[in-house]
Amino acid sequence: MTIPGFFQGTGMPDAGWWEALWPDPAKVLHDVGVRPGTSVVDLCSGDGWFTLQIAKSATHVTAIDIDGALLETAQARLHEAGVTNATFIESDAYDLARFVPEPVDHVFLANAFHGVPDKARLAGAVRDVLKPGGLFSVVSWYARPREETTVLGQPRGPATELRMSPDQTIAAVEPSGLRHEFTVDVSPHHYAAVFIR
């Protein structure tokens, strides 16, 4: 799955502003319901910024991304931290069930849902790998003009026309059979919509 318009043509932002945007990834994960001792998929995991924090408390995290170079960066990040309870898979996000044979407690997806071409298909793939009562967290940029979402003095995030409101995200996910549980602010520029199987 490719994500058109994602970060204005680049797969991941540079590390400096990523850290400025997400200074406390552990808090974001807590706020969306990722709990210690659970099994988690970090879908479209990128360079592992959230993967590392998930791995620090989960029994296991599976990081899936279509970009092998970003997965190598994620592997190095976790290796440097001495974390070993992660699996890294280079794959299309729609093929989730092929690489996640056992149901998981949580699927975490940050900064990518806006660019998914077939949102219903992806939501269905997520539903199929969740345990009953499992959660799907979709962290997204608020539907504000890109010029208004500045980090370190520059407009950041996806093109304005790709951004989705919480209601649009809920409408895109719920037909899969997942039920909206809650929505929470996770940064000045982001919300998370959390769904339950």
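Just so it is clear, the model here is predicted, and its values are computed rather than measured.

Conventions used here
Residues numbered from 1 in each chain as written. Predicted model: local features only at pLDDT ≥ 70, side-chain atom pairs only at ≥ 80, totals over all residues. Heavy atoms only, no water. Buried < 20%, exposed > 50% of the residue type's maximum accessible area, 1.4 Å probe, protein only. Helix = DSSP H or I, 4+ residues; strand = E, 2+ residues; numbered from the N terminus. Pairing = 2+ DSSP bridges. Lys, Arg positive; Asp, Glu negative; His and termini not counted. Salt bridge = Lys/Arg side-chain N within 4 Å of Asp/Glu carboxyl O. Polar contact = N/O pair within 3.5 Å; in protein donor to acceptor, adjacent residues only side chain to side chain. Phe/Tyr/Trp six-rings, centres within 6.5 Å; stacked < 30°, edge-to-face > 60°.

This part takes up the pairing of strand 5 (residues 130–141). Of all 12 residues in strand 5, nine are buried, a share of seventy percent or more. Sheet topology note: the strand 4 (residues 104–110)/strand 5 ladder contains six bridges and is parallel. Its bridge partner being in strand 5, L109 is matched across the sheet by V138. In this sheet, strand 9 (residues 190–196) lies alongside strand 5 in antiparallel orientation, the contact comprising seven bridges. Considered in strand 9, the bridge of V138 is made with A193.

Below, the discussion takes up the side chain of R146. Here R146 shows up in the loop between strand 5 and strand 6 (150–151). Despite its burial, R146 pairs with no opposite charge, the nearest such side chain being E147 at 6.7 Å. Here the side chain of R146 touches P155 through a polar contact of 3.4 Å, landing on its backbone oxygen.

It is worth spelling out the packing of aromatic side chains at this point. Taken as a whole and assessed by the stated rule, the structure comprises four aromatic pairs. Aromatic pair W22 and F50: ring centres 5.3 Å apart, planes at 70°, arrangement edge-to-face. Highlighted residues: W22 in the loop between helix 1 (15–21) and helix 2 (25–31) and F50 in helix 3 (residues 49–55), separated in sequence by 28 residues. Both residues of the pair, W22 and F50, belong to the buried class. Each ring, one from F50 and one from F108, has its centre 5.0 Å from the other, and the planes form 55°; the classification is tilted. Within this pair, whereas F50 is found in helix 3, its partner F108 is found in strand 4, the two being separated by 58 residues in sequence. In this structure, F50 and F108 share a single accessibility class: buried. Feature note: the residues W22, F50 and F108 constitute an aromatic cluster, connected by ring pairs.

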